[in-house]
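The lines below spell out each chain.
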Amino acid sequence: MRPSIEEQLQGTCRVLENVVAPCVNDPMARTMLDGLIANLRMLISAYPAVPGFLRQDNENTVQLLATLASSLPAELTSRVADILKMPEPDPVDVAALDARNASLRELLAQAVCIEGLSADHQRAILQHMSKRASRVPMRYVATAPSLPSCEKI
Amino acid sequence: MDEKIFTRQADTVKGDKSTSSERIVAGLQAMITDAIPTAHHFAFTGVERFAGGLSRENWSIDATWVDTAGAQSRHLMLMRDASGTLLDTDRKREFGVLKALEATPVPTPKAYWMDEDGHWLGAPSLVMDRMPGQCEYLVLNGTRPLDDRLKLARSFTDLMANIHAIDWRALGLGEVLDIPTDSPSRVELAHWEAEYRRVQLEPHPELDYVLDWLGLNAPKAQAIVLVHGDFKPGNALIEGEHISAKLDWETAHLGDPLEDLGWVTNPVRKREHQIPGHWERQEIVAAYRDLTGRTVREADLLWWNVFSCWKLSVIQLTAVAEFVAGRYNRVFQTPTWLYRPMFQMMATAESAHSADSTDCALSAGSQS
């Protein structure tokens, strides 16, 4: 399908930067526009990586919950067992992958705060969270306020 | 300028959250008229909204009028709550802090009027003197010569120590701000946990994990002081080689002095607060120790460093929630970039805690 999603987003950024931005004189509006363009550019590379990230994260979270299950209270263990029985969603259904991810992470949020987890479990939790943080595709893109505004203060 | 026109505009601005320079001017005139009933012959020039400020609109306005004391002229800064905001703070408290600080050497703008509930300006607002100087949030790593930047870096630490040395009881700040009834670390954690739960759109096991650690390791305070709450060069004005004003007191509160020190030694914000190889964590802490005579336990400071990152995470999640709700116009993401630094500092703090047998911590309020 042409233009592809990437081509459309790239083209939108180009038009915003070359046509719209030069006509925006209000410093606040220009700062916001710069931020939106930067975010769009981030999405161009990040969006294709989202389904793969969710599939991998669901798999990793399932593994971690299974590892922790023996140390969890009965009620939480039961909920973990239930969710682990559920089939993985269609790998191209991003909404279903996202919903599954939220369910798994809700259980994980409770599991990681349980008292008395062993040092091995603590290490596994930190390893999982650190790796996930390094793989998350969508990241904030900082943009500075347009300079003239600051200089006028 | 025609007073009747402004009076009519002032009537329409009440409760109107939209923003335009005409509405701001009309609201300001109405507010001044309410405060100074004899004021007349108003003129407002140089009305301009600045681009900076993530939680509030900042307006620069030059105002003149005539009242019983004669012709008046003010260079004003009007700070108005944005429709979507990252910090849900109270203008009355901020106004009280600014009024109290006028009696101290801390350079702050003189606060004139407050619109506590947005009656005049459509959203809660403060009007204060516009101070001289420039806002340079990366001044310590900018183009100035190293010696100048080092002087400024020391001045920032001096300023922090001066704020912490303020006799807040004598200034009446105990009536304006809440006096912590528990350890300040626990009070702040409870406040920001409530914010976290309020804005959370999805599960964040990483932030729950860190929150749990913070709760288990909360330090006691050596003293209760006035804490700025967002101490950084970006919240100051610099004129030449001097700090001409410390701004943005909306998060000021009574708390642990290490909270501000933890904010400026937070490793994720090195570019704002440190000069590589010259003014780093060690130098900042040593200068603060010398200035205040306080002991700074590494484990306690690391706790406040972790808390700073966690608080920053909650502020970013607020932005996410406000953007999704259509009230905030900048896009933020879940702050995953803060997770690994927090985990590393937690591990370091636990090592420091077991290595540091010095226990200078007193109960909260014992030196208040």
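Residues numbered from 1 in each chain as written. Chains lettered and ligands numbered in written order. Predicted model: local features only at pLDDT ≥ 70, side-chain atom pairs only at ≥ 80, totals over all residues.

## Observations regarding the sheet that holds strand β1 (residues 40-49) of chain B
Residues and elements named next belong to chain B.
- Sheet architecture is open: five strands sit in the order β1-β2-β3-β5-β4, paired in antiparallel fashion. If you trace the sheet from one side to the other, it starts and ends with β1 and β4 (111-115), each paired once. Taken pair by pair, the neighbouring strands of this sheet meet at an average axis angle of 25°, ignoring direction.
- By the bridge criterion, five bridges tie strand β3 (residues 70-81) to strand β5 (residues 125-129) in an arrangement that is antiparallel. Counterpart to Arg80 in the pairing with β5 is Ser125.
- Its contacts with the sheet put helix α2 (residues 21-35) on β1, β2 (56-67), β3, β4 and β5, and the angle it makes with β1 is roughly 140°. (Pairing = 2+ DSSP bridges. Helix = DSSP H or I, 4+ residues; strand = E, 2+ residues; numbered from the N terminus. Axes fitted to C-alpha atoms, helices over the stretch in contact; angles between N-to-C directions. Contact = placed C-beta atoms within 7 Å.)

## Examining the interface of chain A and chain B
- With 30 residues of chain A in contact, the opposing surface of chain B contributes 27 residues.
- If you list the elements that add at least two residues to the side of chain A that touches chain B, you get α2 (27-46), α5 (94-111), α6 (119-135) and α7 (147-151) of chain A.
- Considering each element in turn, the side of chain A that touches chain B owes the most residues, seven residues, to α2 of chain A.
- For the side of chain A that touches chain B, the class distribution of residues is 19 nonpolar, six polar and five charged. (Nonpolar A, V, L, I, M, F, W, Y, C, P; charged D, E, K, R; others polar.)

## Digging into the pairing of β5 of chain B
Residues and elements named next belong to chain B.
- For β5, the buried fraction is high: four of the five residues fall into the buried class.
- Pairing geometry for β4 and β5, over four bridges, is antiparallel. Residue pairing for β5: Ala111 is matched across the bridge by Met128. (Buried ≥ 20, exposed ≤ 12 C-beta atoms within 10 Å, placed from the backbone.)

## Quick word on the domain arrangement of chain A
- One can read the domain layout of chain A as domain 1 (5-48 + 139-151) and domain 2 (50-135).
- With centres defined by C-alpha atoms, the gap from domain 1 of chain A to domain 2 of chain A works out at 35 Å. (Domains from an automatic or database assignment.)

## Description of helix α4 (residues 146-164) of chain B
- Spanning 19 residues, α4 of chain B covers 27 Å between terminal C-alpha atoms, matching the ideal 27 Å at 1.5 Å per step.
- Looking only at α4 of chain B, the buried set comprises Leu152, Ala153, Phe156, Thr157, Met160, Ala161, Ile163 and His164 of chain B. (Expected span 1.5 Å × (residues − 1).)

## A word on unusual backbone geometry
- Look at the link from Arg2 of chain A to Pro3 of chain A: it is a cis peptide, with omega at -5°.
- Take Pro3 of chain A: it is sitting in the segment before α1 (5-20).
- Phi angles above zero are rare outside glycine, and His41 of chain B is one such case at about 50°.
- Relative to the assigned elements, His41 of chain B resides in strand β1.
- Taking the number of C-beta atoms within 10 Å as the measure of exposure, His41 of chain B has 12 and is therefore exposed.
- For Asp248 of chain B, which is not glycine, the phi dihedral falls at a positive 55°.
- Residue placement: Asp248 of chain B occurs in the loop between β8 (242-246) and β9 (253-255).
- The buried category is assigned to Asp248 of chain B, around which 22 C-beta atoms lie within 10 Å.

## So, the pairing of β8 of chain B
Residues and elements named next belong to chain B.
- Pairing geometry for strand β7 (residues 236-239) and β8, over four bridges, is antiparallel. Paired with Ala236 across the strands is Lys246, a residue of β8.
- Joining the antiparallel neighbours β7 and β8 is a turn of two residues, in which Gly240 adopts a positive phi near 65°.

## Here we look at the confidence of the model for chain B
Residues and elements named next belong to chain B.
- In this model, chain B carries an average pLDDT of 89, and 88% of its residues clear a pLDDT of 70 or more.
- When the criterion is pLDDT under 50, residues 1-17 qualifies, and its contacts beyond four places in sequence or with other chains add up to 28 contacts.
- Below a pLDDT of 50 lies the segment residues 357-368, which in the model reaches 26 contacts outside its immediate sequence neighbourhood of four places, other chains included.
- Predicted complex, confidence summary: ipTM 0.92, pTM 0.89. (pLDDT = per-residue confidence, 0-100.)

## Some thoughts on the domain arrangement of chain B
All names here are of chain B.
- Per the domain assignment, the segments making up chain B are domain 1 (7-129) and domain 2 (139-355).
- One C-alpha centre belongs to domain 1, the other to domain 2, and the line joining them spans 28 Å.
- Residues that form the side of domain 1 that touches domain 2 fall into these classes: ten nonpolar, six polar and two charged.

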